[in-house]
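Residue-level listing of the chains:
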Amino acid sequence: MMLRTMASRVLDDSDRDEVLALLDADPVSNVFVASRVRAVGLSPARLGGQMWGFGPRGGLASLCYAGANLVPVNAGSDAVHAFAERARKQGRRCSSIVGPSDAVEPLWERLEPYWGAARAIRWAQPVMEATEPSPVPADPLVRRVRPEEFEILLPACVAMFTEEVGVSPEAGDGGALYRSRVAELIRIGRSYARIENGRVVFKAEIGAVTPQACQVQGVWVHPDLRGRGHAVAGMASVIKHALDCFAPVVSLYVNDYNAPARAAYRKAGFKEVGTFMSVLF
């Protein structure tokens, strides 16, 4: 049977070892999906979606996480074709498609005629990584956020999300899911900020963690304080904490048009290693 005629299949916990081996082959690109699988396995009920596989058992070639996000993994043209067919038949259930641009772009080309126009497309998002402490001094006032500071941090998180994504995370369910995620990251010690007189100056979270890599998200500087070096020094501090506490590689991805952020990340010690693309609904 030619690969092009093969359909994707829904994976389960019996596929876990093979799935993790595939994910760990590119730990930076796959950190989000790998963190989910390591945390909860492959049962759809626990995963919050399905994991689709392409290739026979023992010869798994590609994956696609189909939850709140649709995330292709190591997906060549045959796998993209198979995943697009399954996604088309299932109908859109995700709020975004995100992953390596060479897989997301052809996947979206196949789905757009059926799913309709996207709200926004981020065609090029450089993936960046740091593997050693920053060459610039870390901000000593950036620290883990404490649980009692949740109400101070939350408005900054909402502002960051709205600025980045273009819609408020409080839409729909009133922000209940988003609030619980912010609280959870604080609880497990993966939310960092510089807070002065009840105001967030800088913040960032470590949203995904595996033994090989972790991913920084939600980087934000108060609008009144931008251009003063808080992002560079703050990220230097986050790199140090992440390398010390979580993984040997610290990663993130950023919109290509966000020149100030890209410059700040480079100055803090990140280098570009790949390109993501996101389709937002």
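Residues numbered from 1 in each chain as written. Predicted model: local features only at pLDDT ≥ 70, side-chain atom pairs only at ≥ 80, totals over all residues. Heavy atoms only, no water.

Engineer: How do you make sense of the UniProt feature "domain: N-acetyltransferase" (unreviewed entry) in the protein when you look at a structure like this?
Structural biologist: Mapped onto this numbering, the UniProt entry annotates "domain: N-acetyltransferase" (unreviewed entry) at residues 140–281. Between the first and last C-alpha atoms of residues 140–281 the distance is 39 Å; the span itself is 38% helix and 29% strand. (UniProt positions renumbered as here; feature names shortened; annotations may be inferred. Helix = DSSP H or I, 4+ residues; strand = E, 2+ residues; numbered from the N terminus.)

Engineer: Got a minute to help me understand the pattern of salt bridges in this structure?
Structural biologist: Think of it this way: side chains of opposite charge can pair up when their charged atoms draw near. Applying the stated criterion to the full structure yields 18 salt bridges. Across the pair aspartate 24 and arginine 38 runs a salt bridge whose closest N-O atoms are separated by 2.7 Å. Of this pair, aspartate 24 sits in helix α1 (residues 16–24) while arginine 38 sits in helix α2 (residues 31–40), placing them 14 residues apart in sequence. The exposure class assigned to aspartate 24 is partly exposed, which follows from its relative accessible area of 25%. Glutamate 196 is paired through a salt bridge with arginine 194; the nearest N and O atoms lie 2.5 Å apart. (Salt bridge = Lys/Arg side-chain N within 4 Å of Asp/Glu carboxyl O. Buried < 20%, exposed > 50% of the residue type's maximum accessible area, 1.4 Å probe, protein only.)

Engineer: Honestly, the environment of tyrosine 253 in this entry has me stumped. Any pointers?
Structural biologist: Looking at the secondary structure, you find tyrosine 253 in strand β11 (residues 250–253). Contacts of tyrosine 253, omitting those with residues within four sequence positions, involve Val98, Gln125, Pro126, Val127, Gln215, Phe276 and Ser278. (Contact = heavy atoms within 4.5 Å.)

Engineer: It is not clear to me how the layout of surface pockets should be interpreted in this structure. Could you clarify?
Structural biologist: Think of a ball as big as a water molecule: rolled over the atoms, this probe shows where empty space is left. Volume-wise, the second largest pocket comes out at about 180 Å³. If you go around the second largest pocket, the residues you meet are Leu22, Ala25, Asp26, Ser29, Asn30, Pro72, Val73, Asn74, Ala75, Pro100, Asp102 and Ala103. Of all the elements in the fold, those that place two or more residues in the lining of the second largest pocket are β4 (69–73) and α5 (101–115). Class assignment for the residues of the lining of the second largest pocket results in 7 nonpolar, 3 polar and 2 charged. (1 Å grid on protein atoms, 1.4 Å probe; cavity = no way out; pocket = protein on both sides within 12 Å on 5 of 7 lines; lining within 4 Å. Points joined across faces, edges and corners; volume = space filled by probe spheres on them. Nonpolar A, V, L, I, M, F, W, Y, C, P; charged D, E, K, R; others polar.)

Engineer: Sorry, what's going on with the pairing of strand β3 (residues 62–66) here?
Structural biologist: Along β3, 5 of the 5 residues are buried, which leaves the element largely enclosed by surrounding structure. In β3, alternate side chains face the same way, and those of Ser62, Cys64 and Ala66 on one face and Leu63 and Tyr65 on the other are all buried. In the sheet, strand β2 (residues 50–54) pairs with β3 via 5 bridges, with the strands oriented antiparallel. Each residue of the ladder has a partner; that of methionine 51, found in β3, is tyrosine 65. Pairing of β3 with β4 involves 4 bridges; the strand directions are antiparallel. Counted as the bridge partner of tyrosine 65 is valine 71 from β4. Where β3 folds back on β4, the antiparallel hairpin that results is connected by 2 residues. (Pairing = 2+ DSSP bridges.)

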